[in-house]
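# Remarks on the overall topology
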Amino acid sequence: SESLLKNAVNISNQIGDLRGKSFALGQLGHIYECQNQYNQALEITKQAQFTAEQDLQAKDSLYLWEWQTGRIFKAQNKTKEAISAYSLAMNTLEDIRQDILTANRDIQFDFRDTIEPIYRDVVELRLSLESSRQVTNKSLANNANNDNLTSVINTVNSLKLAQLQNFFGNNCIIDAFVQKEVDKIIDNTTAVFSTIILDDKIAIILSLPNGRKEYKWYDIPQEKLFAEINEYRKAVQRYRKSFNLELAKNIYDWMITPFDDDLQKNGIKTLVFIHDGILQSVPMAPLYDGEQYLIQKYAIATTPSLSLTNPKPLNRQNLQVLALGLTEAANINGNQFPALEYVDDEIDGIKQQIPGKKLLDTQFTRENLEKELKQEVYPIIHLATHGQFGTDPENTFIVTGNNQKLTFSQLDRLIRSVTRNREPLELLTLTACETAVGNNRSALGLAGVAIQAGAKSAIASLWAINDAATAQFASDFYAQLLSDSKSKAEALQAAQLKFINEEGSRSKHPAYWSSFVLIGNWL
């Protein structure tokens, strides 16, 4: 194959095909890379890179050769050179991401193999730099780690944006948000946890309001981590069995305990989690420190990316809710969804707290939703119906009346079309929804739900729970939201604490209260 590729280089030269020459040289460099002939591999890959730079149409190959250069440097333990090469690849990807992620839907399924490794390798390289710096000079590490950890967070942020664009196949949603400096939008009682899962490690970075960052890096194979998180998720959901506190304490011990002192010293009241992969599909509220749940110490929110979050306090003037619900059983494409007999109570309970309008069962249609939004300004939309966060946008939907479904893409277009000249939706609440256990792509649908629906915040359930408990939760949450000027995260916390503090009630089990998560703006 070496001779074939050399022949391809010659032919490309003869016919002036720079793109073809770039791919032939790049593949030749890859052969030498696989043979551990790194000097030769680097020389040929540099030629491929130079050739791609000559042809504006060859940028889709340019990032491949920049990435290949980074891998070669990494194999030679030249960490700084590798980071530099990987950074070039990421910059090139930023330029062409819209084209390669949305032009051909088939490419979407290769995303994990062709795009994600670049970002994850940079994170791993930067964290290895961090570790060696700490070993060699602790004081230097304290002075220098912030810039490096900020770069790690920015890389993770870019990966999140790429993942969401890839999942939704739409750049416009993401581009509608102004990119912000992460450190500048954290209020002084909020700390942010960022996680990133690598092949055999997990990194946790804490960002404090004063701009300081701390991190922990654990050696743990992905399979072991996935098994632990899935076991925890199943235990949290299984309300017929007593909750296994040991599982919740194990995760608390490696995720939160190393930072406990920092959180207390800085007077932190709210934790915002930017989770990676499988961690997006499990609640943080039931993590256990040996004496109490995490939600008993902090208000909690999650967001796919801080640059997609605009933390502004809720405007409580003229709050109105449009509450839509389904009490009847439904059949969507052969899938049966059971009746939700307490939905009427849920919606009536909400309307006792906030003025608004309800649309139930056959009235709950896309046409009626659009009509209401055009006639009236509703800062809050509450959807008490079955929903599903699937592995792609078409399988991420809510069930409406008359056995119809409304995808989040359709909901997004509908909301944006009628709110274009108004303030964005303050809050979208979804009860009786579900994410697939252990499925990273369905977790992406959940993570992007607020963004996709054009809302500042969303509350969604990770699994469907007892609908009497859901009705109680909804009423309590809105009552808290309207009292004492609580933030959305604090209102959610108060509603969850009410379940925990109810003496002798079986609803103290996390299955009843921890399903609900706040996504996006936590204020």
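Preceding this section is the structure that the text describes.
Criteria and thresholds
- Residues numbered from 1 in each chain as written.
- Predicted model: local features only at pLDDT ≥ 70, side-chain atom pairs only at ≥ 80, totals over all residues.
- Heavy atoms only, no water.
- Core = buried A, V, L, I, M, F, W, Y, C linked by side-chain atoms within 4.5 Å.
- Buried < 20%, exposed > 50% of the residue type's maximum accessible area, 1.4 Å probe, protein only.
- Contact = heavy atoms within 4.5 Å.
- 1 Å grid on protein atoms, 1.4 Å probe; cavity = no way out; pocket = protein on both sides within 12 Å on 5 of 7 lines; lining within 4 Å.
- Points joined across faces, edges and corners; volume = space filled by probe spheres on them.
- Helix = DSSP H or I, 4+ residues; strand = E, 2+ residues; numbered from the N terminus.
- Axes fitted to C-alpha atoms, helices over the stretch in contact; angles between N-to-C directions.
- Parallel < 35°, antiparallel > 145°, perpendicular 65-115°, else oblique.
- Left-handed = near helix turned anticlockwise from the far one by under 90°.
- Pairing = 2+ DSSP bridges.
- Phe/Tyr/Trp six-rings, centres within 6.5 Å; stacked < 30°, edge-to-face > 60°.
- Lys NZ or Arg CZ within 6 Å of the ring centre and 35° of its normal.
- Arc of directions from axis to C-beta.
- Polar contact = N/O pair within 3.5 Å; in protein donor to acceptor, adjacent residues only side chain to side chain.

Our next topic: the nonpolar core. In terms of nonpolar packing, the biggest core is built from 103 residues, with M255, L294, L430 and F477 touching the most fellow members. If we skip the residues at most four places from it in the chain, L430 touches L383, F389, I398, F408, V449, I459, A460 and S461. By size, the runner-up hydrophobic cluster in this structure holds 46 residues, among which are L25, L28, L42 and V122.

Where empty space is left in the structure can be found by rolling a water-sized probe over the atoms. As a volume, the largest pocket reaches approximately 540 Å³. Contributing to the lining of the largest pocket are 23 residues, with R112, E116, R120, Q222 and N440 lying nearest its centre. Contributing elements (two or more residues each) for the lining of the largest pocket: α7 (111-114), α8 (116-136), α9 (138-168), α11 (222-237) and α17 (440-447). Examining the composition of the lining of the largest pocket, we find that five residues originate from one element, α8, more than from any other.

What follows is about the packing of helix α3 (residues 38-54) against helix α4 (residues 59-75). One way to put it is that α3 packs onto α4 with a least axis distance of 9 Å and a crossing angle of 160°. On the basis of the axis angle, α3 is roughly antiparallel to α4. Considering how the two elements wind past one another, α3 and α4 form a crossing that is left-handed. Contacts from Y38, A41, L42, T45, K46, A48, Q49, A52 and E53 in α3 reach S61, L62, W65, E66, Q68, T69, I72, F73 and A75 in α4.

Its identity is not glycine, yet N333 carries a phi of approximately 50°, on the positive side. When you line up the elements, N333 lands in the loop between β7 (330-332) and β8 (335-337). The exposure class assigned to N333 is exposed, which follows from its relative accessible area of 67%. Phi angles above zero are rare outside glycine, and N402 is one such case at about 60°. Residue position: N402 is located in the loop between β11 (397-400) and β12 (404-407). Here N402 falls in the partly exposed class, since its relative accessible area comes to 43%.

When you tally the buried positions in strand β15 (residues 516-520), you get five out of five residues, the bulk of the element. As paired strands, strand β14 (residues 455-461) and β15 are joined by five bridges and run antiparallel to one another. Within the sheet, the bridge partner assigned to I459 lies in β15 and is L518.

Right, let's get into the packing of aromatic side chains. Given two aromatic rings, one states the distance between the centres and the angle between the planes to describe the pair. In this structure the tally under the stated criterion is 13 aromatic pairs. A centroid spacing of 5.5 Å and a plane angle of 80° characterise the contact between F193 and F259, whose relative ring orientation is edge-to-face. Within this pair, whereas F193 is found in strand β1 (residues 190-197), its partner F259 is found in the loop between α12 (245-255) and α13 (260-265), the two being separated by 66 residues in sequence. F259 matches F193 in its accessibility class, with the two residues each being buried. Consider the rings of Y288 and Y293, whose centres lie 5.6 Å apart with planes at 65°: the pair is edge-to-face. Residue class for Y288 comes out buried when judged on its relative accessible area of 15%. Within the aromatic cluster, the residues linked to one another by ring pairs are F243, Y288, Y293 and W513. Positioned above the aromatic ring of F397, the side-chain terminus of K405 is 4.9 Å from the ring centre.

A word on helix α14 (residues 343-353). Residues of α14 that are buried: V343, E346, I347, G349 and I350. All buried residues of α14 fall inside an arc of 160° around its axis, so they share one side. Considering only its buried residues, α14 is in contact with β6 (321-325), β9 (356-360), β10 (380-389), β13 (425-435) and α19 (467-482).

A few words on α12. Every α-helical turn comprises 3.6 residues, leaving residues that sit three or four positions apart pointing alike. Considered for burial, the residues of α12 that qualify are L247, A248, I251, Y252, W254 and M255. Tucked into the core, α12 has its buried residues touching β1, β2 (201-207), β3 (213-219), α11, α13 and β4 (270-274). Looking at where α12 begins, the residue whose side-chain oxygen comes 3.0 Å from the main-chain nitrogen of E246 is N244.

Structural measurements only, silent on function.
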